[in-house]
Amino acid sequence: MKKTFTWLLAGTVCLVSAAARGQDEVVFNRDIRPILSENCFACHGPDENQRQADLRLDIAENPLVTDLIASGNPDESELLARVLSDDPDLVMPPPEANKTLTAEQKELLRRWIEQGARYQGHWAYEQPVRPEVPARENAIDFLVGRRLAERGLTPSPEADRRTLARRLSFDLIGLPPSPEDVDAFIADESPDAYEAFVERLLASPHYGERMAIGWLDVVRYADTIGYHSDTPRNVWPYRDYVIRAFNENKPFDQFTIEQLAGDLLEGSTQEQKVASCFNRLLLTTEEGGAQAKDYEARMLTDRVRAVGTVWLGQTLGCCQCHDHKFDPATARDFYSLGAFFSDISEPIIGHPGPGMLAPSEEQAAELERLQANARTLQVQYDRAPPELAEAQAAWEAQVLAEAFALKEQWTALHPETAESAKGVTVQVLEDDSTFVTASPAEGTDTYRISATTELKGITGLRIDALPDDRLPSKGPGRAGNGNFVVSEIRVTSGEEDAVAIARAAATFEQNGFPAAAVFDGESGAGNGWAVAGTAGRANTLLLEFAEAVGDGEETVLNLSIEQNHPGNHVLGRFRISATTQQTPLKLPQQTLPPAEILAIIETDAAERDESQQARLTSHFKSVTPLLAELRASLAAANKAVADFEASLPRCLVSVSMETPRTVRFLPRGNWMDESGDVMQPALPEYLARVTDSLPDENGESRLTRLDLARWIADESNPLTARVFVNRLWKQFFGVGLSKNTDDLGSQGEWPVYPELLDWLAVEFMESGWDVKHLVRTIVGSQTYRQVSTASPELLTEDPDNRLLARQSRFRIDAELVRDNALAISGLLVKRIGGPSVKPYQPAGYWENLNFPQRTYQADEGENQYRRGLYTWWQRTFLHPSMLAFGAPSREECTADRTNANIPQQALVLLNDPTYVEASRVFAQRIMEADPGNGDPIDARIDWAWREALQRPPRDEERAIARSVYEKHRAEFAAEPEAAEQFLQVGLAPLPDGADQPELAAWTSVARIVLNLHETITRL
Amino acid sequence: MNPLLDHAQHLARRELFGRAATGIGTAALASLLARDGLADDSSTGGLKVPGLPGLPHFAPQAKRVIYLFQNGAPTHVDLFDYKPRLAEMHGQPVPDEYFAGKRFSTMTGDPTGKLMLAPVEPFAQRGESGAWVSAFLPYTAAIADDLCFVKSMHTDAVNHAPAISFLLSGGQLPGRPTLGAWLSYGLGCETDSLPSFAVMTSVSKGTTCGQIFYDFYWGSGFLPSKYQGVKFRGSAEPVLYLSDPPGMSREMRRGLLDDVARLNEIKLQDYGDPEIATRIAQYEMAYRMQTSVPELADFSDETQATLDMYGPDVTEPGTYAYNCLMTRRLIERGVRMVQLMHAGWDQHGSITTELYTQCKDTDQASAALVQDLKQRGLLDDTLVIWGGEFGRTPFLQGDINDRPKWGRDHHPYAFTVWMAGGGVKPGLTYGESDDLAMNVAKDPVHVHDLQATILHLLGIDHERLTFKFQGRYFRLTDVHGEVVDELLA
């Protein structure tokens, strides 16, 4: 079944080798393509529908272009003439395009033409080739160093061990190093001290957490569905899969295949299925008014964009409506790529459901044990010993006798009118019962029933509340749990004559809702007869009259049944019968079996068929006292299984349908237009062609997600490795080698170090897609180890540090800001994985969440102190502290977070209870620190600095901290109540007998430390 | 956002600190930054930032925008768009030719056979301009001569969230920058103690309609997050995390912030890292918000006459009237755009009931805001826009015999908005729907046209305010939009 693909090299014309490139040579991909792409391709590029004058400038195989350019002769070049023209009718780009070329760009075009106007295929579509690097040279340092030398720059010196320890810790595990680790690293004089430090971090279970953060952004992982109600869904086992995959160093090709098509792998494991949750991470809706076709189109689009961003670095979203304006991707490519995912079983409108059980190994074993226990009991229950058959025969006889007696004594009343005061439609069924077809407005109602009877001396009525499959929980009431509350019943005979009720009884009375309440004169909510806990079963209310009514002529009986308990606590189906028995009336001793079973009993045993007999026996077993104990054990065992299952993690996964949804080409992306061709799954034509096993006419060898996954993860794919390597580079240097990590297409950036990106991509693939090897390679370089301070010259020459003559410094990610504060305070709970958690959040932040309304309940205990990546990711209302520090809402795949520096960040660090509490707990630890022999206050300040920043404070820093301590100590001592209030923030307990002004003063010092720029900066 | 310019300013500021930082307290630092204009550097990410170079593109008529966004879609048929024929046809089926080939919400599905529903309240022509306003809105009616009605609005979306997103961001899906974010990005921020783009929300009393205010209604999309709207909440803490921890006095807070700044300055001197300077500025900005916002929300300096004008709800935080007065106070303090969103207009089955409450909650305060701005001379350069995401069907949703449950469904093919101040023609009624208010009959104004016009009033050419994202230049008006010249004063 495996198909092989090769790469079609798009428009390769001439590849200039890196070494041959001199200072003066104009290189198409580096110098010219960005100019043309920016200014020309929109009208003279790949998009056929927008193309003007039939001129296409993105490929060379075009005689028109050859003529226009006049390569080698800039003076004769029409293209150049048009670009240089002053005539508004002639100049290109035309004035209405609002684009102008700079003098420098015009000069580049001239030189390019002069040098022969050589085209290149777009760099990222060419197979990466490993550039030559001298033996024993570190490739990264060699390739960077060579370019720096050309620019007259030299690399910066290596940073000190303290800085390196902190940098490596944030970059590789996302946590600050302990002062002890730093000291040991500084003291380690062995030649491989650095490598050993890196290895320790790579082996840490927190490495997977750190690596997961970026991956979860790019796959748009979140805990909620995204659209409209934005309700929760089960996906966290996927997040844990990602963490585990990085920790176990799962090869990246395998990681890729499992996520796109883990469910399609032969004999796929639970883990591989959980990985395929990737396909379910998109935004979905359960809005009633939404249109299925609309959302089907949105979901397809969402998935294609995801594949484009996550693996291909292609902005395929453009092709939803038209051929790409800058890259050779077409709209047909878009829909045929989308068709790969049309096999996934899912509701288009509606909640995606709970998903597959995803127990841990221990949980799976426990589940099996519970299930085995239930199976054993079931086998016992299913046995049919002779004594049981005897008992059944006796029971049948008893039921027959009782049914006979009841029929004799009770006469069902046929309602002539049956009405709901709220206007709900009411039906009278063949068995004379009344069925109420819908729930009433405001959830309460009064029924009025009239029936005529010729009985003489009626002593009472009975109302049978009957189950029905059409009712919630099968009734008999219309409340969600099948319950009802009959508040008050009034009976009249004829027009006016009230019939007094002397006594009421029932076969079942809910605690606090006795039968007698139906004639107590009270009819408000909370008062009446109810039967909670008996859903799906019949129950009977008996009303005994004070005086008999009915003279044997036609008597009209009118019943008014008031039901005033809100929430649809009204009867759904019921039957009224009358009796002339002597009082006191008796309730049936035993509730009769359902009509269906009674009918079987009334059938002669010899005439019952097998299924009837089986149903009868099954019912008998369910009621006979002989099996009561076994029934209880079995029910308990089944409940144990169900309860345990309900407690187990579940995860949405990909499940392939036999018949995939039909995918049509949507002209201009319009989902209402159904005129487009039916699309089969196919790889983007501009990137690949299938060399064998093409799908045949019948679509029998239709390509699957697994084919797509294998093509993406194939070494012949020029994009996958580059895209991942480029994103990883950003993690370690703050910016990718090509700046737009989500776009390696022609609108992306020509990489600063294309040879380096290629070297790393090839190294990555040849290592067997070994991610830890790649990480090790990058952080092992001298380039990585440089100081991040910039000389004024370097700041002028390369302000954004694209040339890498130094390291970059940047604020740590939103999650790490939190992790860092919790780690410094000592509050951090380092447990890996599990359901998402809810840190403190301002009250009312979710007030606008609706369908249903929700109240945010912050976690208590350990879950309050978990790492940031476990934070509950509510797409429409992401935790405000996360948002402030630039965490994306993950409605879209996000390869680049913004690293903004905004005032809200200051407000979060100052006032979010998480940080106030962390300061207080940090202060407790500061106070416990061993003051040594020196000044105890200075010693504690020193200790605090080392915990947070892994360095001692400078004298002036110590002096400032000391003055804070002294000022606040005095102020809190003068106002002990203020100290007490201040220390109340957060759930962490206060130490017994704490000196509160002292603790509050140190909390202020700790707050200052947590608010320092350096504390949240990776240098 | 010129990186070279940014960088030059970083260097300049670094030199400043290098030479003179010793002994400067933060207050002095802040005033230095402010005086020499360095705090205006957009790269500081602070509150007070200039706009893009070259913006505005031409002289603006309006400097500020107030969008009184009526979530849920007010019924144009019952409020503004008077059609005598609709009353004549009350109870008759909607003629086929009015809806052929059109899509309605899944609640209506196919409109065939739906019955026309006459306006519930009488209409009258108001003021000298003679604009039609129904009896539902007496206060709006009284200021009709100040308003410019556009009766030929139409949109592409039929459900709330996509349509609201479309009006505010130009795209139906979440993820594009909204109008306020574009304005902050393009024109910068004029205030140094408040954000440039403020948002408030309210819900009508006792409404049964469950509308959601999603964050993306005021999101910055792919623009940097500093441009997103800051939500002012109708509660004790109008801005998130604004309040100090309990027990922390104002003086202690000031001292603490000064100490943080002094410590950061030491590092700034060491490294000259512009990000540190930005961080120092941001703490100062945070402090200013902490001091200015409580004062902003303190209405004790308003006269009784002003309070009365806005109506009895004005002192109750979280109400529409309260938000309207807050809007004026924000505008006075230099906020560029206030987006005030009020939900509860989704009358699927409550045209004869909840619509009255809805109008009562909003009519007086909307009109008061326009008058208040006018009295203070602010209306001339403040553009006020009132309107929802679409209109409501001229035909009935519900049972014609059950008047208490009469409703109207979503209707994107014609609806009305009004504007005031900021360079629009007062007393103008522009565009027309057909004789049943079903479709636009004359001078159609698409959502993108409205957006282009709003930007034009602010001195912005909508085709030239763009941002490159995912390989494409995006703008508020997508690839459409024409300025409606006839609306301009």
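All figures in this text were calculated on a predicted structure; none of them were measured in a lab.

(A) Local environment of the overall build of chain A. Regarding its fold elements, chain A presents 34 helices and 20 strands. Relative to the compact-globule value of 31 Å for 1019 residues, chain A shows a C-alpha radius of gyration of 38 Å, a clear excess of over 25%. Each principal axis of the C-alpha atoms in chain A carries an extent, and together these give about 120 × 85 × 65 Å. Residues classed as buried in chain A amount to 45% of the 1019 residues present. Sequence separation of 24 or more characterises 72% of the internal contacts of chain A that already satisfy a separation of 6 or more.

(B) The arrangement of the overall build of chain B in detail. Helix and strand counts for chain B come out as 13 helices and 17 strands. Residue burial in chain B is summarised as follows: out of 489 residues, 61% are buried. Look at the contacts in chain B between residues 6 or more apart in sequence, and 76% of them connect residues 24 or more apart.

(C) Quick look at the sheet that holds strand β10 (residues 488–493) of chain A. Residue and element names in this part refer to chain A. With antiparallel pairing, the five strands of this open sheet are ordered in space as β4-β7-β15-β10-β11. Every interior strand has two partners, whereas the edge strands, β4 (415–420) and β11 (497–499), have only one. Put simply, the sheet's adjacent strands are angled 20 degrees from each other on average, direction ignored. Across five bridges, β4 lies against strand β7 (residues 445–453) in antiparallel orientation. Bridge pairing links Pro 415 to Ala 451 in β7.

(D) Geometry of the pairing of strand β4 (residues 147–154) of chain B. Residues and elements named next belong to chain B. Counting buried positions over the eight residues of β4 gives eight, a clear majority of the element. Where β4 meets strand β11 (residues 415–421), five bridges bridge the pair, whose relative direction is antiparallel. Looking across to β11, one finds that Cys 148 is bridged to Met 419. Taken together, the two bridges between β4 and strand β12 (residues 429–430) define a ladder with parallel strand orientation. Paired with Val 150 across the strands is Tyr 430, a residue of β12. Sheet topology places β4 next to strand β15 (residues 445–446); two bridges connect them, and they run parallel. Within the sheet, the bridge partner assigned to His 154 lies in β15 and is His 446.

(E) Inspection of the packing of helix α22 (residues 720–733) of chain A against helix α23 (residues 754–766) of chain A at higher detail. All names here are of chain A. Packing of α22 against α23 leaves a shortest axis separation of 9 Å and a crossing angle of 110 degrees. In terms of axis orientation, α22 runs roughly perpendicular to α23. The handedness of the crossing between α22 and α23 comes out as right-handed. Seen from α22, the contacting residues are Ala 721, Arg 722, Val 725 and Asn 726; seen from α23, they are Leu 757, Leu 760, Ala 761, Phe 764 and Met 765.

(F) Summary view of the confidence of the model for chain B. Residues and elements named next belong to chain B. Of all residues in chain B, 88% have pLDDT values of 70 or greater, and the mean over the chain is 86. Of the regions scoring below 50 in pLDDT, residues 1–46 engages in 59 contacts with residues more than four places distant in sequence or in other chains. With pTM at 0.78, the complex prediction returns an ipTM value of 0.76.

(G) Inspection of unusual backbone geometry at higher detail. A cis amide bond, omega -5 degrees, links A:Met92 with the succeeding residue A:Pro93. Structurally, A:Pro93 is set in the loop between α4 (78–84) and α5 (103–114). Geometrically, the link from A:Thr583 to A:Pro584 is a cis peptide bond, its omega value of -5 degrees lying close to zero. Tracing the backbone through its elements, the reader meets A:Pro584 in the loop between β16 (573–579) and α18 (595–602). One non-glycine residue, B:Asp478, lies in positive phi territory at about 55 degrees. With respect to the helices and strands, B:Asp478 occurs in the segment after β17 (472–474). Here B:Asp478 falls in the partly exposed class, since 16 other C-beta atoms lie within 10 Å of it.

(H) Summary view of the domain arrangement of chain A. Segmenting chain A into domains produces domain 1 (17–119), domain 2 (223–355 + 663–714), domain 3 (357–376 + 627–649), domain 4 (413–592) and domain 5 (812–1019). The straight-line distance from the C-alpha centre of domain 2 of chain A to that of domain 3 of chain A is 36 Å.

(I) Expanded view of the interface of chain A and chain B. Each partner contributes residues to the interface: chain A has 64 residues there, and chain B has 62 residues. Of all the secondary-structure elements, those providing two or more residues to the side of chain A that touches chain B are α29 (903–911), α32 (955–974), α33 (976–982) and α34 (996–1010) of chain A. Among the elements that line the side of chain A that touches chain B, the one with the most residues is α32(A), at seven residues. Each residue belonging to the side of chain A that touches chain B can be placed in one class, and the counts come to 26 nonpolar, 24 polar and 14 charged.

(J) Spatial organisation of α22(A). Residue and element names in this part refer to chain A. Over its 14 residues, α22 extends 20 Å from the first C-alpha to the last, a length consistent with the 20 Å expected when each residue adds 1.5 Å. Most of α22 sits out of view: 12 of its 14 residues are buried. Every buried residue belonging to α22 is among Thr 720, Ala 721, Arg 722, Val 723, Phe 724, Val 725, Asn 726, Arg 727, Leu 728, Trp 729, Lys 730 and Phe 733, and all of these are buried. Lining the buried residues of α22 we find α10 (205–218), α12 (252–261), α14 (292–312), α21 (705–712), α23 and α24 (771–779).

(K) Molecular detail of the confidence of the model for chain A. All names here are of chain A. Confidence along chain A averages 90 in pLDDT terms, with 96% of residues attaining 70 or more. For residues 1–23, every residue scores under 50 in pLDDT, and the model assigns this stretch 50 contacts once sequence neighbours within four places are set aside. Scored below 50 in pLDDT, residues 689–697 shows 17 contacts in the model against residues more than four places distant or in partner chains.

(L) A look at the packing of α34(A) against helix α8 (residues 250–271) of chain B. Across the interface, α34(A) lies against α8(B) with an axial gap of 10 Å and an inter-helix angle of 45 degrees. Relative to α8(B), the element α34(A) lies oblique. As for the relative orientation of α34(A) and α8(B), their crossing is right-handed in sense. Contact with α34(A), carried on its side by A:Ser1004, A:Arg1007 and A:Ile1008, involves B:Leu256, B:Asp259, B:Val260 and B:Leu263 of α8(B) and no other residues of that element. Per-class residue counts for the contact of α34(A) with α8(B) are four nonpolar, one polar and two charged.

(M) A look at the environment of A:Ala636. Residue and element names in this part refer to chain A. The residue Ala 636 is located in helix α20 (residues 628–647) in this model. We classify Ala 636 as partly exposed; it has 13 C-beta atoms within 10 Å. Separated by 262 residues in the primary sequence, Ala 636 and Ala 374 have C-alpha atoms spaced 8.6 Å apart.

(N) Representation of the environment of A:His324 within the structure. Residue and element names in this part refer to chain A. Within the element layout of this structure, His 324 appears in the loop between α14 and α15 (331–338). By C-beta crowding, His 324 is classed as buried, having 27 other C-beta atoms within 10 Å. Separated by 668 residues in the primary sequence, His 324 and Asp 992 place their C-alpha atoms 67 Å from one another.

(O) Geometry of the nonpolar core. Grouped together as the largest cluster of nonpolar side chains are 332 residues, with contacts concentrated most on A:Val219, A:Tyr238, A:Cys277, A:Val725, A:Val1005 and B:Val384. Residues within four places of B:Val384 in sequence aside, it is in contact with B:Ile66, B:Leu68, B:Leu369, B:Val370, B:Met419, B:Ala420 and B:Gly421.

(P) Examining the pairing of strand β8 (residues 456–465) of chain A more closely. Residues and elements named next belong to chain A. Within β8, eight of the 10 residues are buried, which leaves it mostly tucked inside the rest of the structure. By the bridge criterion, eight bridges tie β8 to strand β14 (residues 539–551) in an arrangement that is antiparallel. The residue of β14 that forms the bridge with Asp 464 is Thr 540. Where β8 meets β16, six bridges bridge the pair, whose relative direction is antiparallel. Looking at the pairing, Asp 464 lines up with Arg 575 of β16.

(Q) Region of the structure containing the environment of A:Met92. All names here are of chain A. With respect to the element layout, Met 92 can be found in the loop between α4 and α5. The partly exposed category is assigned to Met 92, around which 19 C-beta atoms lie within 10 Å. It is 8.5 Å that separates the C-alpha atoms of Met 92 and Leu 79, two residues lying 13 residues apart in sequence. The residues touching Met 92, leaving out its near neighbours within four places in the chain, are Arg 82 and Val 83.

Definitions and cut-offs
Residues numbered from 1 in each chain as written. Chains lettered and ligands numbered in written order. Predicted model: local features only at pLDDT ≥ 70, side-chain atom pairs only at ≥ 80, totals over all residues. Helix = DSSP H or I, 4+ residues; strand = E, 2+ residues; numbered from the N terminus. Rg over C-alpha atoms; globule rule 2.2 N^0.38 Å. Buried ≥ 20, exposed ≤ 12 C-beta atoms within 10 Å, placed from the backbone. Contact = placed C-beta atoms within 7 Å. Pairing = 2+ DSSP bridges. Axes fitted to C-alpha atoms, helices over the stretch in contact; angles between N-to-C directions. Parallel < 35°, antiparallel > 145°, perpendicular 65-115°, else oblique. Left-handed = near helix turned anticlockwise from the far one by under 90°. pLDDT = per-residue confidence, 0-100. Domains from an automatic or database assignment. Nonpolar A, V, L, I, M, F, W, Y, C, P; charged D, E, K, R; others polar. Expected span 1.5 Å × (residues − 1). Core = buried A, V, L, I, M, F, W, Y, C linked by C-beta atoms within 7 Å.

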